[in-house]
Amino acid sequence: MKPIYLIGPTAAAILILGLACQTHGSGEAEMAPLESDTVEAAFTDFAAFAFPPTLPDDDSHRDSWTRTDCLNCHETGIQDAPVVTHEGMPSVLLTAKCRSCHVLIPGSVPRSMIPEGG
Amino acid sequence: MQIHRRDFVKLSAATTAAAVASGSALSARPKTESKDDIRWAKSVCRFCGTGCGVQLGVSGRHLVALRGDPEHPTTKGLVCAKALFLPKIIQAPERLRYPRIRSRGKLVRATWDEAMELTAERFASAIREHGPNSVAYYGSGQALSEESYLANRLFKGGIGTNNVEGNPRLCMASAVGGYVSTYGKDEPMGCYDDIEHAKTFFLIGSNTAECHPVIFDQIMARRRVGDRANVIVVDPRRSPVGTISDIYLQPIPGFDLALLHGMAQVIIAERKYDEAFVKKNVQFKAVVDGTPKKVGFDGYREFMQDFTPEKAAKICGVPAQDIVRAARMFVQGPTMSFWTMGLNQRITGVWANNLVHNLHLLTGQIGKPGATPFSLTGQPNACGGVRDTGSLCHILPYGRVVKKAEHREQIEKLWGCKPGTIQAKPGLHTIEMFRALGRDEVQAMLVLTTNPGHSLPNATVHREAMGKPRKNKPFMCVIDAYPTRTTELADVLLPAAVWAEKAGVFGMSERRYQYQPDVIDPPGESRSDFDFLLDFAGRLEGKGVVPAGFISAKFKNADDVWEEMCEASRDTAYDFTGMTRERLKQERGLRWPTPTEDHPGTARRFVKGEDPLLDSGPYANPDLKPGELEFYAAPDKRATVWLRPIKPPAEPPDEDFPFVLSTGRVLEHWHTGTMTRAAPELRRAQPEAYVEIHPDDAQGLGVNNGDMVRIVSRRGEAKMRAKVIPMPRPGMVFVPFHWEDDDSLINRVTLDAYDPGSKQPEFKICAVRLAKA
Ligand code: SF4
């Protein structure tokens with residue numbers, strides 16, 4: 001193992017983006033399932049909380065290039081959109097457009113479009 | 001463990017929520033690291049030239065997480081998705097692990113010693129039999145600065161050939177040509193701090209939202225605070241940047257020079273130029289009969305009569321009133337311009353760069369907080385690694401050129417070469433280097449950390465040069481960390497350590513040099529490019545084609561090389577002799593010039609009170625007052641406003657090939673995609689190539705969204721799905737170039753005509769026809 005250059009207090013861990021981007025909602029899946037695909041790698045060697053949640057793939061998400069585009073729904077919760085708070089995230093990060101960090105998953109749809117029991 | 005995606009999402013959401021609620025570790029999942037177990041190290045993102053500061057989360061022997069570094073002075077904690085997924089990318093199963101040698105057409109496993117000995121012998125025999133110019137090096141803006149410097153030293157000073165090139169020729173050469181011809185030296189004078197001070201942003205030929213997301217985020221932030229900033233966007237394709245523009249201009253591809261002249265003409269006609277600044281700091285030049293001649297301001301004004309808004313509009317296709325609006329907004333400074341490949345990847349790339357500089361020089365929008373022309377770079381170390389270290393065929397370290405005897409002598413002395421070792425004639429530039437390989441004139445080539453088999457324009461021809469079996473086929477040694485369309489062509493393939501697996505310096509777009517530590521071990525038998533180069537040099541010394549001890553006696557590690565690099569910068573316009581290794585390890589990078597160990601680095605060059613080179617050393621001027629500006633590296637200490645004519649693209653559309661093809665990038669992938677496709681999330685976000693077609697054109701072609709379409713040029717063809725969308729101008733199509741299968745490899749279609757000054761190819765414009773597949 002190579003030497004590690006330690007920095008900063010671990011308290012700064014609140015910056016971890018995935019953690020900060022958690023949604024206030026039912027905690028249910030936000031997307032329709034994809035065809036079977038191994039996601040083993042995502043579980044094994046990585047800190048799962050370090051990766052920001054993905055976005056459903058529809059026009060409104062694909063074409064959302066400014067924060068305002070996203071917050072129209074995600075601040076108010078309209079159309080069953082999960083309300084995001086980005087708690088603990090420094091203000092500079094709140095200036096970023098959502099797609100800087102959140103990537104689309106093609107084929108997935110917003111949960112409001114998943115039929116009952118789907 | 002196989003987990004269905006739905007279960008994954010549930011589990012992920014649940015554990016994230018749990019972590020938030022308790023603020024504690026995620027302990028339920030085997031092998032998933034707890035955030036409290038993670039040790040964090042400062043480093044730098046290894047993708048674009050924004051150079052975002054990051055913190056690497058290391059647990060055990062693994063890199064498990066990455067986050068933005070809030071203490072980073074310019075990016076302040078911002079990062080984009082590409083960086084966030086780097087831990088997965090760097091530890092992906094795709095990584096190359098062992099050396100391979102081609103045997104009976106196949107790459108088979110070998111030892112490092114076998115592979116190195118074969119490589120050294122093939123280079124040595126080529127040099128002995130055909131001379132030093134029969135070998136070549138093709139490097140990368142992703143290698144560490146120390147690696148590029150060492151390779152340059154070995155080839156130019158050790159072997160004695162200037163056949164030293166790198167992929168920045170494909171992306172930044174026109175920007176270099178623009179800076180050098182305008183100000184006398186390369187690299188921006190401003191910095192990212194200027195974003196906070198700018199009142200107007202002029203974004204031309206730059207899809208900043210996707211290619212430099214953090215810069216775009218900072219521009220957006222500037223639009224939200226206080227005195228809201230304006231944004232002018234110029235791009236034939238309405239990229240996502242257009243969503244925040246106050247003025248959006250969509251010129252005909254290749255004719256934006258008329259637009260830039262038109263804006264300058266309005267500024268002059270409306271007397272909105274800065275007369276005092278122009279008088280003191282600017283000269284006007286035109287090329288007459290192949291020679292630059294001074295023409296004076298009156299000559300320039302007369303030249304500009306051909307570019308009144310009405311005349312310019314006819315050439316560039318942008319309405320005259322929009323040209324006037326853009327010019328008037330531009331002068332509402334402080335104005336910061338950003339551009340990248342849309343200007344650079346053109347046969348008029350240098351001229352287009354000149355004309356952006358012209359606007360800043362006429363209006364005095366330069367050298368003040370928020371006022372600066374700024375070329376963005378696509379790679380993490382095109383600036384510090386290749387441009388600054390002089391690792392291209394015509395230059396030497398830190399602003400020197402091979403053509404100048406004085407510069408060659410300085411470097412020969414520093415390197416300990418026999419006088420006359422460095423050739424005065426520039427070597428082969430990238431396109432000509434690969435053409436010479438195809439003619440078997442270059443007999444041995446080293447390709448390091450780059451993927452020319454995918455990234456070169458007119459790729460089929462150059463791929464054949466690299467890999468087509470033939471008698472006397474040149475030898476190709478390729479070093480990379482991932483399998484690519486180039487590694488498949490190698491005769492020797494070596495596995496490379498990357499990024500967090502090796503320590504060294506990256507120099508990003510704002511002259512900031514940043515140190516990245518090695519925090520994990522490379523996979524398998526991978527070694528850093530630096531280790532390879534040391535080994536390679538030692539073997540070439542042993543074979544008598546490089547003077548004994550030229551490299552091996554001088555350097556044991558990258559720290560030794562850094563010391564010599566600092567020395568090479570002494571008394572140049574780059575002077576970073578005060579940037580010690582220790583300082584770089586401690587600080588979040590430093591911007592040169594940094595001539596003394598207590599100097600904090602320079603935000604704005606050429607400005608008295610900010611640039612230390614105006615206080616002491618060869619460029620000092622004690623008569624200047626604080627805040628005054630002097631272009632000390634330019635002839636007569638004046639920047640040049642160039643009178644450039646309009647020149648059409650090398651291959652305009654015609655009856656047979658009626659569309660213009662332009663290529664570019666998407667946010668989730670980076671360049672040839674070999675790394676970003678290794679992260680499952682990024683791969684799935686943008687899984688395949690597509691061609692954007694304007695709805696009017698799609699209708700004419702009978703093409704619907706999702707149809708397979710053939711894109712055919714005079715050189716080759718590609719096949720991919722249509723995305724019918726009003727982003728490109730009618731008559732233009734756009735293809736991202738990240739995908740590598742034969743159908744998606746769009747560089748089989750693009751053109752390798754190049755700018756006669758910068759030698760940068762015209763990726764952005766070639767003629768194609770489209771048909772439903
Ligand atoms: S890719 Fe560029 S913008 Fe994104 S994190 Fe890396 S350096 Fe920053």
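Please read these numbers as outputs of a predicted model, since none were measured by experiment. (Residues numbered from 1 in each chain as written. Chains lettered and ligands numbered in written order. Predicted model: local features only at pLDDT ≥ 70, side-chain atom pairs only at ≥ 80, totals over all residues. Heavy atoms only, no water.)

J.: How should I be thinking about the overall build of chain A in this particular structure?
T.: A tally of helices and strands in chain A yields four helices and four strands. Starting at the N terminus, the α and β elements of chain A follow one another as α-β-α-β-α-α-β-β. Within chain A, the proportion of its 118 residues that are buried is 52%. In chain A, of all internal contacts separated by at least 6 residues, the share reaching a separation of at least 24 is 82%. As displayed, chain A has an accessible area near 5,400 Å², and 56% of this comes from carbon and sulfur atoms. (Helix = DSSP H or I, 4+ residues; strand = E, 2+ residues; numbered from the N terminus. Buried < 20%, exposed > 50% of the residue type's maximum accessible area, 1.4 Å probe, protein only. Contact = heavy atoms within 4.5 Å. Areas by Shrake-Rupley, 256 points an atom, 1.4 Å probe, with all protein chains shown as cover.)

J.: Help me understand unusual backbone geometry in this model?
T.: In most cases, non-glycine residues show a negative phi, while peptide bonds are predominantly trans. Residue and element names in this part refer to chain B. For the bond from G333 to P334, the omega torsion is 0°, close enough to zero to count as cis. Here P334 lies in the loop between α15 (320-330) and β13 (335-339). With an omega of 0°, the peptide bond between W592 and P593 qualifies as cis. Within the secondary structure, P593 sits in the loop between β22 (590-591) and β23 (639-643). The phi angle at K76 is positive, at roughly 55°, despite the residue not being glycine. Note on placement: K76 falls in the loop between β3 (62-68) and α2 (81-84). Of note, N458 is a non-glycine position whose phi angle comes to about 50°, a positive value. Position of N458 among the secondary structure elements: in the loop between α21 (452-455) and α22 (459-467).

J.: What is the right way to look at the packing of aromatic side chains in this model?
T.: How two aromatic rings sit relative to each other is set out by the distance from centre to centre and by the angle between their planes. All names here are of chain B. Counted by the stated rule, this structure contains 29 aromatic pairs over all chains. Ring plane angle 75° and centroid distance 6.0 Å describe the contact between Y513 and W562, whose orientation is recorded as edge-to-face. With a gap of 49 residues between them, Y513 in strand β21 (residues 512-516) and W562 in helix α24 (residues 558-569) connect regions that are remote in the sequence. Overall, Y513 belongs to the buried group, its relative accessible area being 2%. Residue W562 is classed as buried on the basis of its relative accessible area of 2%. (Phe/Tyr/Trp six-rings, centres within 6.5 Å; stacked < 30°, edge-to-face > 60°.)

J.: Just checking my understanding: could you explain the domain arrangement of chain B for this structure?
T.: Think of interface size as the accessible area that goes away when the parts come together; that is how it is often given. All names here are of chain B. Its domain assignment divides chain B into domain 1 (8-90), domain 2 (100-168 + 385-553), domain 3 (173-273 + 299-375) and domain 4 (659-772). In this complex, domain 1 contributes eight residues to the contact, which on the side of domain 4 involves twelve residues. The contact between domain 1 and domain 4 buries some 930 Å² in all, and 73% of this surface belongs to carbon and sulfur atoms. Looking only at domain 1, the three residues that lose the most surface to domain 4 are F47, K82 and I89, adding up to 52% of its buried area. In this structure, the salt-bridge partner of E681 is K88, at a minimum N-O distance of 2.6 Å. Applying the counting criterion to the domain 1 and domain 4 interface returns two residue pairs in polar contact (both at pLDDT 80 or more). Going through the elements one at a time, α2 and α3 (86-90) are the ones with two or more residues in the side of domain 1 that touches domain 4. For the side of domain 1 that touches domain 4, the class distribution of residues is five nonpolar, no polar and three charged. (Domains from an automatic or database assignment. Buried area = accessible area lost by both parts, 1.4 Å probe. Salt bridge = Lys/Arg side-chain N within 4 Å of Asp/Glu carboxyl O. Polar contact = N/O pair within 3.5 Å; in protein donor to acceptor, adjacent residues only side chain to side chain. Nonpolar A, V, L, I, M, F, W, Y, C, P; charged D, E, K, R; others polar.)

J.: Please explain helix α14 (residues 309-316) of chain B as it appears in this structure.
T.: Each turn of an α-helix holds 3.6 residues, which means side chains three or four residues apart point in the same direction. Residue and element names in this part refer to chain B. All buried positions along α14 are accounted for by P309, A312, A313 and C316. Take α14 and look down its axis: the buried residues cluster within an arc of 105°, on one side only. One or two steps after α14, the chain reaches G317, where phi turns positive at roughly 80°. (Arc of directions from axis to C-beta.)

J.: Got a minute to help me understand the nonpolar core in this structure?
T.: A general feature of soluble globular proteins is that nonpolar side chains tend to end up buried together. Residue and element names in this part refer to chain B. If you look at the biggest cluster of nonpolar residues, it comprises 132 residues, and the most contacted ones within it are F155, Y300, L446, F532, F536 and F631. Residue contributions to this core peak at nine residues, all from helix α11 (residues 256-269). Of the domains in this structure, domain 2 (100-168 + 385-553) and domain 3 (173-273 + 299-375) are the two that each give at least three residues to this core. In terms of nonpolar packing, the next biggest core, distinct from the first, is built from 73 residues, A65, I215, V498 and I520 among them. (Core = buried A, V, L, I, M, F, W, Y, C linked by side-chain atoms within 4.5 Å.)

J.: Even after reading the chapter, I still don't get the side chain of B:R223, so can you show me in this structure?
T.: All names here are of chain B. Along the chain, R223 falls in helix α10 (residues 213-224). Under the relative-accessibility criterion, R223 is labelled buried at 15%. Only 3.1 Å separates the side chain of R223 from the backbone oxygen of A229, close enough to count as a polar contact. Apart from the residues within four sequence positions on either side, R223 is in contact with R228, A229, N230, V231, I244 and D246.

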